[in-house]
Amino acid sequence: MKNEAFPIPSARSLLTGMLALGLCASAAWAQGEGSSLRERIAQRRAAAAQAPAAAALPLTPGDHEIRVAHQGLERKVVVHVPRAAEAGQPLPLVLALHGGGGFAEFMADDARYGLIHAADEGGFIVAFPNGYSRFPGGRLATWNAGACCGDARDRQVDDVGFLRAVVAQLQARSRIDPARIFATGMSNGGMMAYRLACEASDLFRAVASVAGTDNTLQCTPARPVSVLHIHARDDDHVLFDGGAGPGAFRDASKVTDFTSVPETVRRWAQRDRCEGTPQRTQSFTGASCEAYARCAQGVRVELCVTDTGGHSWPGGVTRRGKEPSSTAFDAARLVWDFFAASSAAR
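Residues numbered from 1 in each chain as written. Predicted model: local features only at pLDDT ≥ 70, side-chain atom pairs only at ≥ 80, totals over all residues. Heavy atoms only, no water.

Q: What's the story with the packing of helix H8 (residues 188-199) against helix H9 (residues 261-271) in this structure? I'm lost.
A: Helix-helix packing: each pair is described by the crossing angle between the helix axes and the interaxial distance. Orientation of H8 relative to H9, taken along the N-to-C sense of each, is 20°, at an axis distance of 13 Å. Compared by their axis directions, H8 and H9 come out roughly parallel. The hand of the H8/H9 crossing is left-handed. Residues Tyr194, Ala197 and Cys198 of H8 pack against Thr264, Trp268 and Arg271 of H9. Taken together, the residues that form the contact of H8 with H9 break down as four nonpolar, one polar and one charged. (Axes fitted to C-alpha atoms, helices over the stretch in contact; angles between N-to-C directions. Helix = DSSP H or I, 4+ residues; strand = E, 2+ residues; numbered from the N terminus. Parallel < 35°, antiparallel > 145°, perpendicular 65-115°, else oblique. Left-handed = near helix turned anticlockwise from the far one by under 90°. Contact = heavy atoms within 4.5 Å. Nonpolar A, V, L, I, M, F, W, Y, C, P; charged D, E, K, R; others polar.)

Q: Is there a simple way to think about the pairing of strand E7 (residues 226-232) in this case?
A: A regular strand places its side chains so that they alternate between the two faces of the sheet. Within E7, seven of the seven residues are buried, which leaves it mostly tucked inside the rest of the structure. Residues Ser226, Leu228, Ile230 and Ala232 line one face of E7 and the alternating positions Val227, His229 and His231 line the opposite face, and both faces are buried. Looking at chain direction, strand E6 (residues 206-210) and E7 are connected through five bridges and run parallel. When the bridges of E7 are listed, Val207 appears paired with Val227. Here six bridges tie E7 to strand E10 (residues 301-306), and the two strands are oriented parallel to one another. Bridge pairing links Val227 to Val301 in E10. (Buried < 20%, exposed > 50% of the residue type's maximum accessible area, 1.4 Å probe, protein only. Pairing = 2+ DSSP bridges.)

Q: Just to check I follow, could you spell out the pattern of salt bridges for this structure?
A: Side chains that differ in charge, positive against negative, can pair when their charged atoms come close. Under the defined criterion, the tally for this structure stands at 19 salt bridges. Residues Glu65 and Arg67 are paired through a salt bridge, measuring 3.6 Å at the closest nitrogen-oxygen approach. You can call Glu65 buried: its relative accessible area is 17%. The class of Arg67 is partly exposed, set by a relative accessible area of 39%. The partner of Asp151 in a salt bridge is Lys254, and the shortest N-O contact between them spans 3.3 Å. Within this pair, whereas Asp151 is found in helix H6 (residues 150-154), its partner Lys254 is found in the loop between E7 and H9, the two being separated by 103 residues in sequence. Among the charged side chains, a salt-bridge network with shared partners connects Arg134, Asp151, Arg153, Asp154 and Lys254. (Salt bridge = Lys/Arg side-chain N within 4 Å of Asp/Glu carboxyl O.)

Q: I tried to follow the packing of helix H7 (residues 159-173) against H8 on my own but got confused; where do I start?
A: The N-to-C vectors of H7 and H8 enclose an angle of 85°; their axes lie 10 Å apart at closest approach. With respect to H8, the axis of H7 lies roughly perpendicular. Contacts between H7 and H8 involve Asp159, Val160, Leu163 and Arg164 from the first element and Met192, Arg195, Leu196 and Glu199 from the second. When grouped by side-chain class, the residues that make up the contact of H7 with H8 number four nonpolar, no polar and four charged.

Q: It is not clear to me how H7 should be interpreted in this structure. Could you clarify?
A: The α-helix winds at 3.6 residues per turn, so residues separated by three or four positions along the chain end up facing the same way. Here H7 contains 15 residues, and its C-alpha end-to-end distance of 21 Å stays within 8% of the 21 Å for a straight helix at 1.5 Å per residue. When H7 is considered as a whole, its buried residues turn out to be Asp159, Val160, Gly161, Phe162, Leu163, Val166, Val167, Leu170 and Arg173. Regarding H7, its N-cap is Asp158, as a side-chain oxygen of that residue lies 2.9 Å from the backbone nitrogen of Gly161 further along. (Expected span 1.5 Å × (residues − 1). Polar contact = N/O pair within 3.5 Å; in protein donor to acceptor, adjacent residues only side chain to side chain.)

Q: Would you mind showing me how to read the environment of Val225 here?
A: Here Val225 shows up in the loop between E6 and E7. For the pair Val225 and Ala197, spaced 28 residues apart in sequence, the C-alpha separation works out to 6.4 Å. Among residues more than four places away in sequence, those in contact with Val225 are Ala197, Ser201, Phe204, Arg205, Ala206, Val207, Asp272 and Val299.

Q: Could you clarify how one ought to interpret the sheet that holds E7 in this entry?
A: Neighbouring strands of a sheet are bound in pairs by backbone hydrogen bonds; such pairs are parallel or else antiparallel. Strand order in this open sheet of ten strands is E1-E2-E4-E3-E5-E6-E7-E10-E9-E8, and the pairing throughout is mixed. A single partner strand is all that each edge strand has here, and the edge strands are strand E1 (62-70) and strand E8 (279-284). Here the strands of the sheet are splayed against their neighbours by 20° on average, with no regard to which way each runs. Where E1 lies against strand E2 (residues 73-81), nine bridges are found, and the strand directions are antiparallel. The partner of Gly62 across the bridge, within E2, is Val81.

Q: Is there a simple way to think about the pairing of strand E9 (residues 287-292) in this case?
A: Pairing analysis gives five bridges linking E8 to E9, with the strands arranged antiparallel. Bridging from a neighbouring strand, Phe284 pairs with Ala287 of E9. The turn joining E8 and E9, which pair antiparallel and follow one another in sequence, is formed by two residues; a positive phi near 90° is taken by Gly286. Two elements, E9 and E10, share six bridges in a ladder whose sense is antiparallel. In the sheet register, Ala287 faces E10, and the bridge partner there is Thr306.

Coordinates in, geometry out; function isn't part of it.
What follows is the structure, given as structure tokens:
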């Protein structure tokens with residue numbers, strides 16, 4: 001094959017080509033319909049880099065990544081705003097807290113948790129804050145939920161203060177109904193939701209925890225809070241009857257001797273001054289729910305138990321090699337239905 005000499009393009013030609021490529025890329029980015037969550041967030045990042053003033057602008061329907069600083073530590077928050085925001089009415093807000101060792105984008109994966117789809121259907125804003133992480137990308141993050149977990153607990157990170165700051169920034173950039181602010185979470189994230197119920201009941205109307213029991217060190221809520229707890233009987237991380245299972249953490253010192261599910265529900269029935277005994281509210285194939293209905297200020301304490309599913313989010317997709325999650329119900333839908341009912345109760 002003969003060697004051929006190629007002409008070296010002029011600087012003007014290079015610049016013209018780069019501009020053309022840039023325009024093509026911008027056109028491709030504009031076709032956000034059907035793109036992945038990660039791609040849409042990348043688009044938002046690029047736009048924010050070009051226009052720093054956009055950080056103060058209202059959040060429009062779609063996916064965003066914002067940065068929230070608290071006590072000298074800045075963390076990311078992935079936010080999904082539903083099209084219902086276009087009506088201009090205040091919307092509910094749900095904070096969704098990832099599990100220990102997770103990160104914001106993992107919790108925002110709709111195949112695993114379904115919360116973005118639930119937000120679009122239910123008309124609420126959902127925010128996925130990142131826990132504390134030593135790593136620049138925010139991976140392997142944990143929450144300081146009291147007795148658990150990991151570096152967040154060991155460094156006494158003020159996650160309650162951080163999550164208050166998240167809500168405050170979202171209120172500044174979105175129309176949020178202050179009477180309909182909720183928190184849910186998976187595992188360590190669910191434990192953190194319980195800490196919010198204990199220490200920020202002035203802000204959060206109801207919480208829902210999946211596979212994470214109440215491991216707070218002290219709890220004196222300023223007002224009653226509705227609580228939903230979802231757990232599998234065969235959870236091998238946070239054991240149903242208490243304790244840490246073999247799959248909880250490789251380093252046992254990073255977790256705790258987890259509170260049992262029955263004790264968690266008992267504590268909240270007592271804190272919410274519930275009367276009587278819990279009654280069956282829902283039955284599914286492979287699961288059931290029961291609740292205390294007569295509690296102070298009309299709040300509710302409810303427990304939903306799946307027969308199988310291990311340490312996972314019912315209705316979601318688990319990681320390869322893990323036991324499949326329970327298909328008895330869709331946890332995202334169940335959680336939102338609980339929050340919606342809590343809004344109507346008072």
